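Spelled out, the chains give:
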Amino acid sequence: DAKTTQPNSMESNEEEPVHLPCNHSTISGTDYIHWYRQLPSQGPEYVIHGLTSNVNNRMASLAIAEDRKSSTLILHRATLRDAAVYYCILRDRNAGNMLTFGGGTRLMVKP
Amino acid sequence: GAGVSQSPSNKVTEKGKDVELRCDPISGHTALYWYRQSLGQGLEFLIYFQGNSAPDKSGLPSDRFSAERTGGSVSTLTIQRTQQEDSAVYLCASSLDGTRNTEAFFGQGTRLTVV
């Protein structure tokens, strides 16, 4: 999978929106952008994915830059339960089909 | 519906013993992945199965590690002659297929402690 860069950690206040950035300047035209999160003591959990257009689901929104070299995961109202490590991953046709996890962003939510 | 199930949830073993970790993927999912996560570390890819194709074993750290998937469903990860550095959480995931446009579902993991 192509390389992604995320901040090591971020803080947010409960009930406020959170914007988690991800840079992927070497993305190719066929790479999908995936986001997973891992809550404490649990396995990773799928959040959202997209290719070119912005995507919304019940958990979050994914905003993809026009040049696709960056993306932002948006949590519209952070809750304490959203405290987790968030991983931004690119999946490409040459990746061997595994998900390659980087360091992710540790999101802390303050009450 | 049922998610990915792993057993046991916890395993303590003595150094030098063999262990088997089991993964039951979601029914109908053809892709299955094994990862491990050492304390405070990221996820390390181990092996990937897709349908009847030969598995991608490129992440297995040594020849003490092996995995099989019987009948395209249940998978077993075997670690022979366990060492203390094998202590980690072993995570299994499955997806409908292995394409770039599908999501993976993870189990809760097996916490392996080698003493």
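As the structure is a computational prediction, the values presented were derived from the model and not from experiment.

## Here we look at the overall build of chain B
If you tally the helices and strands in chain B, you get 0 helices and 10 strands. Starting at the N terminus and walking to the C terminus, you meet the elements of chain B as β-β-β-β-β-β-β-β-β-β. Dimensions of chain B, computed from C-alpha atoms along their principal axes, come out at roughly 40 × 30 × 25 Å. Of all 115 residues assigned to chain B, the portion counted as buried reaches 46%. The long-range share in chain B, meaning contacts at least 24 apart out of those at least 6 apart in sequence, stands at 56%. Carbon and sulfur atoms form 45% of the exposed surface of chain B, whose accessible area is close to 5600 Å².

## Thoughts on unusual backbone geometry
Residues S7(B) and P8(B) are joined by a peptide bond in cis, for which omega reads -10 degrees. Relative to the helices and strands, P8(B) resides in the loop between β1 (5-7) and β2 (10-13). At R68(A), a position not held by glycine, the phi torsion is positive, near 65 degrees. Secondary-structure assignment places R68(A) in the loop between β6 (61-64) and β7 (70-75). Residue R81(B) is not a glycine yet carries a positive backbone phi of 45 degrees. By secondary structure assignment, the location of R81(B) is in the loop between β7 (75-79) and β8 (88-95). Using a relative accessible area of 43% as the deciding quantity, one classes R81(B) as partly exposed.

## Here we look at the interface of chain B and chain A
With 19 residues of chain B at the contact, the number on the chain A side is 21 residues. The junction of chain B with chain A conceals about 1700 Å² of combined surface from both sides, 50% of it contributed by carbon and sulfur atoms. Looking only at chain B, the three residues that lose the most surface to chain A are L43(B), R100(B) and F106(B), adding up to 37% of its buried area. Along the contact surface separating chain B from chain A lie 0 salt bridges. Scanning the region where chain B abuts chain A turns up 5 residue pairs in polar contact (both at pLDDT 80 or more). Of all the secondary structure elements, the ones that give two or more residues to the side of chain B that touches chain A are β4 (31-37) and β5 (44-50) of chain B. The greatest single-element share of the side of chain B that touches chain A, amounting to 3 residues, is contributed by β4(B).

## Observations regarding the state of the cysteines
Residue and element names in this part refer to chain A. The final tally for this structure, using the stated rule, is 2 disulfides over all chains. Each sulfur of the disulfide joining C22 and C88 lies 2.1 Å from the other. Across the S-S bond of C22 and C88 the torsion is about -80 degrees, and the bridge reads as left-handed. Taken together, the residues span a long stretch of sequence, with C22 in strand β2 (residues 18-23) and C88 in strand β8 (residues 84-91) at a distance of 66 residues.

## Some words on the pattern of salt bridges
In a structure, side chains of opposite charge can pair up when their charged atoms sit close to one another. For the structure shown, the criterion picks out 7 salt bridges over all chains. Between E45(A) and R37(A) there is a salt bridge, with the nearest N and O atoms lying 2.9 Å from each other. Look at E45(A) and you get partly exposed, because its relative accessible area is 27%. Assessed through its relative accessible area of 5%, R37(A) is described here as buried. A salt bridge links R64(B) to D86(B); the shortest N-O distance between them is 2.8 Å. Taken together, the residues span a long stretch of sequence, with R64(B) in the loop between β5 and β6 (65-69) and D86(B) in the loop between β7 and β8 at a distance of 22 residues. Judged by its relative accessible area of 12%, R64(B) is buried. Overall, the relative accessible area of 1% leaves D86(B) in the buried class. Connected through salt bridges with shared partners, the residues R37(A), E45(A) and D82(A) form a single ionic network.

The rules behind the values
- Residues numbered from 1 in each chain as written.
- Chains lettered and ligands numbered in written order.
- Predicted model: local features only at pLDDT ≥ 70, side-chain atom pairs only at ≥ 80, totals over all residues.
- Heavy atoms only, no water.
- Helix = DSSP H or I, 4+ residues; strand = E, 2+ residues; numbered from the N terminus.
- Buried < 20%, exposed > 50% of the residue type's maximum accessible area, 1.4 Å probe, protein only.
- Contact = heavy atoms within 4.5 Å.
- Areas by Shrake-Rupley, 256 points an atom, 1.4 Å probe, with all protein chains shown as cover.
- Buried area = accessible area lost by both parts, 1.4 Å probe.
- Salt bridge = Lys/Arg side-chain N within 4 Å of Asp/Glu carboxyl O.
- Polar contact = N/O pair within 3.5 Å; in protein donor to acceptor, adjacent residues only side chain to side chain.
- Disulfide = S-S within 2.5 Å.

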